[in-house]
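# Coordinate analysis (summary)
Chain residues, written in single-letter form:
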Amino acid sequence: MKKRSFCFLLLLSLVLLPGCQPAQQNISLEESARRSLADADSFTAYTLEDLYDLTGIAADDYTEAVFLRDSDTLSGREIILLRAKNAETFRSAKEALEQYLSQRKEETRDYLPEAYHRLSQAKVEENGLELRLVIE
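Residues numbered from 1 in each chain as written. Predicted model: local features only at pLDDT ≥ 70, side-chain atom pairs only at ≥ 80, totals over all residues. Heavy atoms only, no water.

## Here's the deal with the side chain of serine 75
Along the chain, the position of serine 75 falls in the loop between strand E2 (62-70) and strand E3 (78-84). Excluding residues that lie within four positions of it along the chain, serine 75 makes contacts with Asp70, Ala115 and Arg118. (Helix = DSSP H or I, 4+ residues; strand = E, 2+ residues; numbered from the N terminus. Contact = heavy atoms within 4.5 Å.)

Written out as structure tokens, the structure is:
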């Protein structure tokens, strides 16, 4: 009888524990991006077409994406978050974001020293199939 009770409790805990995860995991990428910014109101959402035009990452490569830029476009501050569809699109999106960051650094090196400094400290971060480029 004790063995059955133990097995029942173990099974019950396996069923219930996934529901106890923090609600943060279910928030959208846009909400996550806005929460990570102290002054989120000063950022403007750009379209996913803009994301494609600037990075070459097509909408077919991800399930969700967010592209925000500071309203002061000369500051260099922006955030790009995306969830790739699979490992292959993840690799190509990561390469595209790293190329985009490199290009932005080149563009600002001689003309916008503060933006260049921000860009130089940024890097493409990854978590599972999510990519994150935050330039603060």
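## So, the sheet that holds E2
The five strands are arranged E1-E2-E3-E5-E4 in an open sheet whose pairing can be described as antiparallel. Strand pairing shows two members of the sheet lacking a second neighbour, strand E1 (43-45) and strand E4 (124-127), which therefore form its edges. Taken pair by pair, the neighbouring strands of this sheet meet at an average axis angle of 20°, ignoring direction. Relative to E3, E2 runs antiparallel, the two sharing seven bridges. (Pairing = 2+ DSSP bridges. Axes fitted to C-alpha atoms, helices over the stretch in contact; angles between N-to-C directions.)

## A closer look at the packing of aromatic side chains
Two measures describe an aromatic ring pair: the distance that separates the ring centres and the angle between the ring planes. Tallied over the full model, the rule gives one aromatic pair. Considering the side-chain rings of tyrosine 46 and phenylalanine 67, the 5.2 Å spacing of their centres and the 45° angle between planes classify their relative orientation as tilted. Residue tyrosine 46 is located in the loop between E1 and helix H3 (48-55), and its partner phenylalanine 67 is located in strand E2; the two are separated by 21 residues in the primary sequence. Here the basic side chain of arginine 69 rests over the ring of tyrosine 46, its NZ or CZ set 5.4 Å away from the ring centre. (Phe/Tyr/Trp six-rings, centres within 6.5 Å; stacked < 30°, edge-to-face > 60°. Lys NZ or Arg CZ within 6 Å of the ring centre and 35° of its normal.)

## As for the environment of serine 102
In this fold, serine 102 is placed in helix H4 (residues 87-108). Serine 102 sits in the partly exposed class, given a relative accessible area of 35%. As for serine 102 and serine 120, which are separated by 18 residues in sequence, their C-alpha atoms are 8.8 Å apart. (Buried < 20%, exposed > 50% of the residue type's maximum accessible area, 1.4 Å probe, protein only.)

## Topic: the pairing of E2
A large share of E2 lies buried, amounting to seven of its nine residues. In the sheet, E1 pairs with E2 via three bridges, with the strands oriented antiparallel. Bridge assignment links threonine 44 to a residue of E2, and that residue is arginine 69.

## Examining the pattern of salt bridges
Close approach of charged atoms lets side chains of opposite charge pair. All told, the structure shown has eleven salt bridges when counted by the stated rule. Among the ionic pairs, glutamate 78 bridges to arginine 104, the shortest N-O distance being 3.4 Å. Of this pair, glutamate 78 sits in strand E3 while arginine 104 sits in helix H4; the two residues are 26 residues apart in sequence, bridging distant segments of the chain. Glutamate 78 gets classed as buried once you look at its relative accessible area, which sits at 1%. Across the pair glutamate 106 and arginine 109 runs a salt bridge whose closest N-O atoms are separated by 2.5 Å. One salt-bridge network, held together by shared partners, links Arg69, Glu78, Arg104 and Glu107. (Salt bridge = Lys/Arg side-chain N within 4 Å of Asp/Glu carboxyl O.)

Any functional reading would require information that these geometric values do not contain.
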